[in-house]
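These are the residues of each chain, in order.
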Amino acid sequence: MIRPFLNAAVLSLSLAPALAGAAMADEKPVLHVYTYDSFVAEWGPGPAVEHAFEAICACDLKFTATGDGAALLARLQLEGARSDADIVLGLDTGLTARAAATGLFAAHGRTPIVDIPNPHGEAGSWDDPLFLPYDWGYFAFVYDQTRLQEVPQSFEALIAAPKDLKIIIQDPRSSTPGLGLLYWVKAAYGDRAPDIWAGLQPHVLTVTKGWSEAYGLFLEGEADMVLSYTTSPAYHLIAESDDTKAAAVFDEGHYMQIEVAAMLAGSDQPDLAGQFLDFMLSDAFQSVIPETNWMYPAITPDGGLPEGFANPVSPDRALLLTPDQALALRDEALQEWLAALSR
Amino acid sequence: MKPAGWAGIAAAGFLAALSLGTLAVVAVRAESGAGFGPADLAAIRFTVTQALASAALSVLLAVPVARALARRRFAGRGLLITLLGAPFLLPVIVAVLGLLAVFGRAGLVSSALAALGLPPLDIYGFRGVVLAHVFFNLPLATRLLLQGWQAIPGEHFRLAAQLGMTSRDIARRLERPMLRAVLPGAFATIFLLCVTSFAVALTLGGGPGATTVELAIYQAFRFDFDLGKAAMLALVQFGLCAGAALVAWMVAVPAAFGGGLDRPVARWDCHSLASRLADAAALALVSVFLLMPLLMVALSGLGGLADLPPGLWRAALRSVLVALASGALAITLALALAGAVMRMEVGAARFAGLLEASGYLSVAASPMVIGTGLFLVLFPLADPAALALPVTALVNAAMSLPFALRALIPALRDVERDYGRLADSLGMSGAARFRLLTWPRIRPAAGFAAGLAAALSMGDLGVIALFADADAVTLPLLLYRLMGSYQMAAAHGTALVLVVLSLGMFWLFDRGGRFHAAA
Amino acid sequence: MLQLDDMLIRQTGFELRANWSLGKGQRLAIIGPSGGGKSTLLAAIAGFVPLAGGCIRVDGQDIGPLDPGRRPVSLLFQDHNLFAHLDVAQNTGLGIRPDLRLTKGDLARVAGVLARVGLSGFERRKPAELSGGQRQRVALARALLRDRPLLMLDEPFAALGPALKAEMLDLVAEITTETGATLLMVTHDPKDAERIAGLTTLVADGLATAPEPTAALLANPPAALRQYLG
């Protein structure tokens, strides 16, 4: 009695992957790059990166996309040593200590000079042996200049602002920017972090699962400010010719997010993976980043940065915990956050 | 045992593997396992409290609405019933945005209040969570209760009219026994759905105080990568749901109504002005509450239609195919299970209960754990990306089974009660009996079930997050990608397409089921 | 042709025994008080109620192992004799093939029996569009097609008026005469028995008595029957 349905189901199921456009069998070696979801969107960096790299590598670059950076790491941990991945692209320095501890990654053996502020060492130097940066940004509270006149210039000022000034933040347990804000407060205030959170609590309209929800609510006018990046206004300016959005510059400085890539120790294409890492730091990759990933490129492209990408934060105001510090402070910072905001 | 019995046991085994098996797989992979802390206990407490409040409110509000729909005939009634199903089928983020466009700080209500010099509405907090869950589940509760009303044969209402029974008498003699039978199940179903809520609860809950168990599972998985704890929390979630289901099962008293002659139900008891006003008010209020956010979604979506991203229609086609497969699978699984349950109610009643319960496992399961467990099982065997769409279809078919079973089992019971002996005495069996008797009589229920499965899989993103294929995006994935890269207008447009397609699929199946059904 | 050998039906708080037989073409009325077991007796013969003892034979063969649909029996219930979602022709056609895969010839036979019961032109109607008498005529037409040696009526005409009921009973008598079927008919009304049933059994106090000629039985009723007739 159920055979007709089963047939229909099997038919439509077997059709689905075919329609999904399974990759054609190919002689060329395949480089598997695991990354986060928005990287591979049609309007993201993925298509341009794939096109440019395949033009020089005589290989087939295949993206596998999973959620965001943290989901990416979890997926790698699930797959373990059996993973197909040759390259992982999209972790950040808040995750690299945990990622390194998995033992899944291989040293890259490169010493690039990068255009990334370095609070812990010499400007331009990069000394992480496993992970190489490809872009970076500052977390910041973004607001609408037509709606918010009295813009707080620090966490203290935000705390002192009228109670109806509302911000939306992301949950550090489910979101990268949310975790970034934890580190921001911790890096700026250390042991005073609980007081800052207690002061911020009345201003927190709500906490969302991810960046998309928070930014969506902000654009709908639900809150005055939203936790995002200093580069967010550039999107509205360039893509929408909308100059009303701005990032509030805080006196305490801004916490950085540096996005990194690494090659897997178990890669069956180590040479190709190395070639990709070199490509990643080349102009062909870096020049794509600003207007597709809306972050600062790790190495400023030859043509400079697009209009709207002028950095409002001076490099000496950059805040960053080292990967080990970040890992060590993580649980404590989360407990402080939970305690203050659960009220 | 007849083949149908084995098919049912196979279906139950599959469902148990999907829900409990994946949990076991995750638990086995666990390396460490932190115990429960106070935060976890707080999450459990919050989960139960909000789910109880949400389910109770949804079900209570659904009673007058379902009654009004059951006893009134008016132009656009069918359309209203279909539209009322929309919130349940909306992708979470779209629904939340729509809800906030009406009830948020910058929403319609707050704007109106501001015009009167009043402060804006503040819905963030416990009330926001309940509001959102009622928004999602009131339509479902209404639908379940409406089925209950429609199960009372029209002859009973005629008899009641003949006996001079007033609306109140009918409520006491016919409607209350029906509600007594239907309400506990509806309550439990919605409780289960609210237990596994996560993004909605957090967003509208206003802070980490609104942490549900599912969020704690999510945290254990991606923040701590503590699979043992994720499995333990998932087990707690099962426990909560099993408890709710057990209570509902003990409280429910099955109502027995004899068979009728399929005449359209006409009512003679509700011509009084008061009852007309009450019904009109119930329908008007629920329409405003449910349709205004939908309207806002549609309006902002129309604005975004110009910005629709490339690849939208390919994604839409993919989603539609997945939805069709999911609908077919849901009916297949539900019929296999329901058939076996019916068979075993004679003789092996306890086993029948167990089989029926297996149909409800999927709702109690954590989507995060199902996804992770399936990934662990399938990853060594095949490319997860190639399985993304079949897995979506399958898991959503399983997720919609509780509703499919709720609709199909009573329908099958009615068929057996009214026509079982006649069919037996005529020697109707096997495929012929299914084609000539069972299918025509359960088609409306089956159409509803398939439509729900199709629409749910249309909007799903949860379980397949780990499987997602970079190239083969579905509509909801496209929607989230757009939102994740500032493209709010395009996201709104995509959301509108998604909503229209989801509702369209549901309508098609649901109508298909009722088209030419015995009148 | 129908033999009840020490047949025993046992249900909670209820027992019924019978030990008698009926010849081919005979017509038996089953009367007795409500709850006495008249319908249960028919249900047992039709295969819906298991026996606690003895056996039921038709033409010498024990029909106990047979499913209801395979028994040489047509049974008309009080109601629900028709599927509400199938039309008259389909409901009738089920008597030829339970999977309704009918040939042209089959359809002609359906039209024929419908004409025989006075329902020509009603083929496309649904049961809800028929009167009570017409619905039972459709069921009779189907029984005619099934042509089982045993026709059992569980008061299908109880709801009809006296004239209509008499008409239906006459139709049943004609049909059974034509087909040579043996008839078992539950009734509340001794007049029904007098009208078409040569034999009558009294079902009361846990016993279905051996069939006796109806006229003699009613003329000189035993105590249990007297009590029932009042």
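Each residue is numbered by its place in its chain's sequence as written, counting from 1. Chain letters start at A and ligand numbers start at 1, both assigned in the order the entries are written. Local features in this predicted model are restricted to residues whose pLDDT is 70 or higher, and side-chain atom pairs enter the listing and the counts only when it is 80 or higher, whereas totals over whole chains, interfaces and linings include all residues. The basis for the side-chain values is all heavy atoms of the structure; hydrogens and waters are excluded.

Visitor: Looking at this structure, how should I read the overall build of chain A?
Guide: Numbered from the N terminus, helices here are DSSP runs of H or I no shorter than four residues, and strands are runs of E no shorter than two. When its secondary structure is counted, chain A shows 13 helices and twelve strands. Taken over C-alpha atoms, the radius of gyration comes to 21 Å for chain A, in line with the 20 Å a tight globule of 343 residues would show. When its C-alpha atoms are laid out on the principal axes, chain A stretches across 65 × 65 × 40 Å. Across the 343 residues in chain A, those meeting the buried criterion constitute 61%. Our radius of gyration is a C-alpha quantity, and the globule rule it is checked against amounts to 2.2 Å times the number of residues to the power 0.38. Relative accessible area decides the class of each residue, using a 1.4 Å probe on protein chains only: under 20% of the type maximum gives buried, over 50% gives exposed, and in between gives partly exposed.

Visitor: Got a minute to help me understand helix α17 (residues 367–378) of chain B in this structure?
Guide: Given 3.6 residues per turn, any residue in an α-helix points the same way as the ones three and four places further on. With twelve residues, α17 of chain B extends 16 Å between its outermost C-alpha atoms, agreeing within 8% with the 16 Å of an ideal straight helix rising 1.5 Å per residue. If you check which residues of α17 of chain B are buried, you get Met 368, Val 369, Ile 370, Gly 371, Thr 372, Gly 373, Leu 374, Phe 375 and Leu 376 of chain B. The span one expects for a helix is its residue count, reduced by one, times 1.5 Å.

Visitor: Hey, could you run me through the nonpolar core in this one?
Guide: General note: in soluble globular proteins, nonpolar side chains tend to be found buried as a group. The set of buried Ala, Val, Leu, Ile, Met, Phe, Trp, Tyr and Cys residues whose side-chain atoms join them within 4.5 Å is what this entry labels a nonpolar core. Counting 330 residues, the largest nonpolar core has Phe 105, Ile 169 and Phe 276 of chain A as its most contacted members. No other element matches the 16 residues that helix α14 (residues 312–345) of chain B contributes to this core. Core analysis: the next-biggest nonpolar cluster, separate from the first, contains 35 residues, Val 113, Leu 114, Phe 122 and Met 168 of chain C among them.

Visitor: Got a minute to help me understand the confidence of the model for chain A in this structure?
Guide: As a per-residue measure, pLDDT tells how confident the predictor is, with possible values from 0 to 100. Counting all residues, the mean pLDDT for chain A is 89, and 92% of those residues have values of 70 or more. Across residues 1–25 of chain A the pLDDT falls below 50, and counting only partners more than four positions away or on other chains, this stretch makes 29 contacts in the model. In what follows, residue pairs with any heavy atoms lying within 4.5 Å of each other are defined as contacts.

Visitor: Teacher, can you tell me more about the pairing of strand β4 (residues 53–58) of chain C here?
Guide: Side-chain direction in a regular strand flips from residue to residue, so the side chains alternate between the two faces of the sheet. All names here are of chain C. For strand β1 (residues 2–11) and β4, the ladder comprises five bridges, and the chain directions are antiparallel. Residue Leu 8 lies in a different strand from β4, and its bridge partner there is Gly 53. Between the end of β4 and the start of strand β5 (residues 61–62), which pair antiparallel, lie two residues, with Asp 59 showing a positive phi angle near 50°. Only strands that DSSP links by at least two bridges are regarded as paired with each other.

Visitor: Can you walk me through the pairing of strand β9 (residues 199–204) of chain C in this structure?
Guide: Residue and element names in this part refer to chain C. With six of six residues buried, β9 is to be regarded as a mostly interior element. The side-chain alternation of β9 yields two buried faces, one formed by Leu 199, Thr 201 and Val 203 and the other by Thr 200, Leu 202 and Ala 204. Relative to β9, strand β3 (residues 27–31) is paired through four bridges, and the arrangement is parallel. Bridge pairing in β9 places Ile 30 opposite Thr 201. Pairing of β9 with strand β10 (residues 207–208), which is carried by two bridges, proceeds in the antiparallel orientation.

Visitor: Just to check I follow, could you spell out unusual backbone geometry for this structure?
Guide: All names here are of chain C. For Glu 155, which is not a glycine, the phi torsion comes out positive at approximately 55°. Here the phi dihedral of Asp 205 falls at roughly 50°; this positive angle occurs in a residue that is not glycine. Summarising the element assignment, Asp 205 is placed in the loop between β9 and β10. Residue classification places Asp 205 among the exposed residues on the basis of a relative accessible area of 75%.

Visitor: Is there a simple way to think about the state of the cysteines in this case?
Guide: Every disulfide links exactly two cysteines, by a covalent bond between their sulfur atoms. Residues and elements named next belong to chain A. Note that a disulfide, as used here, is simply two cysteine sulfur atoms within 2.5 Å. Counted under the stated rule, the structure contains one disulfide over all chains. Residue Cys 57 pairs covalently with Cys 59 via a disulfide, S to S 2.1 Å. Residues Cys 57 and Cys 59 are joined by a disulfide whose S-S torsion is about -85°; by sign, that bridge is left-handed. One exposure class covers both Cys 57 and Cys 59, and it is buried.

Visitor: For this particular structure, what's the right way to read the arrangement of the chains?
Guide: When the two pairs of chains in contact are ranked by number of contacts, first place goes to chains A and B. The least C-alpha distance between chain A and chain C, which are not in contact, is 13 Å.

Visitor: Where do I start with the domain arrangement of chain B in this structure?
Guide: How big an interface is tends to be reported as the loss of accessible area on association of its parts. Residue and element names in this part refer to chain B. In this entry, domain limits derive from an automatic or database-based domain assignment. Here the domain parsing of chain B yields domain 1 (1–32 + 306–519) and domain 2 (39–268 + 276–297). Inter-centroid distance (C-alpha atoms) of domain 1 to domain 2 is 21 Å. The interface is formed by 46 residues belonging to domain 1 together with 41 residues belonging to domain 2. The term buried area denotes the loss of accessible surface (1.4 Å probe radius) that occurs when two parts are joined, taken as the sum for both partners. Roughly 3,700 Å² is buried in total at the junction of domain 1 and domain 2, and carbon and sulfur atoms are behind 73% of that figure. By definition, a salt bridge exists where a carboxyl oxygen of Asp or Glu is found within 4 Å of a side-chain nitrogen of Lys or Arg. Where domain 1 meets domain 2, there are zero salt bridges. Listing elements by their share of the side of domain 1 that touches domain 2, those giving two or more residues are α1 (3–29), α16 (361–364), α17, α19 (401–425), α20 (430–459), α21 (475–483) and α22 (488–514). Residue contributions to the side of domain 1 that touches domain 2 peak at eleven residues, all from α22. When residues are sorted by character, Ala, Val, Leu, Ile, Met, Phe, Trp, Tyr, Cys and Pro go into the nonpolar class, Asp, Glu, Lys and Arg into the charged class, and all the rest, Gly among them, into the polar class. Split by residue class, the side of domain 1 that touches domain 2 holds 31 nonpolar, seven polar and eight charged.

Visitor: Help me understand the interface of chain B and chain C, please; the structure alone is not making it clear to me.
Guide: Contacts between the two partners involve 22 residues from chain B and, on the opposite side, 22 residues from chain C. Roughly 2,100 Å² of surface becomes buried between chain B and chain C when both sides are summed, with 65% attributable to carbon and sulfur atoms. For the purposes of these results, a polar contact is taken to be a pair of N or O atoms within 3.5 Å, where, inside protein, one atom must be able to donate a hydrogen and its partner to accept one; residues adjacent in sequence count only when each atom of the pair is a side-chain atom. One can count six residue pairs in polar contact (both at pLDDT 80 or more) joining chain B with chain C. Per-element accounting of the side of chain B that touches chain C gives the leading share, seven residues, to α19 of chain B. Across the side of chain B that touches chain C, the residue classes tally to eleven nonpolar, four polar and seven charged.

Visitor: Help me understand the environment of Leu 108 of chain B in this model?
Guide: Residues and elements named next belong to chain B. Tracing the sequence through the fold places Leu 108 in helix α6 (residues 108–115). A relative accessible area of 37% means that Leu 108 is categorised as partly exposed. Put simply, Leu 108 and Met 292 are 184 residues apart on the chain and 9.5 Å apart in space, counted from C-alpha to C-alpha. With sequence-adjacent residues up to four places away left out, Leu 108 is seen in contact with Ala 101, Val 102, Met 292 and Met 296.

Visitor: I tried to follow the interface of chain A and chain B on my own but got confused; where do I start?
Guide: Listed by partner, the interface residues are 73 residues for chain A and 72 residues for chain B. Together, the buried faces of chain A and chain B total about 6,400 Å²; carbon and sulfur atoms form 65% of this surface. Viewed at the interface, chain B and chain A are joined by three salt bridges. In this structure, Arg 222 of chain B engages Asp 68 of chain A in a salt bridge whose closest nitrogen and oxygen atoms are separated by 2.8 Å.

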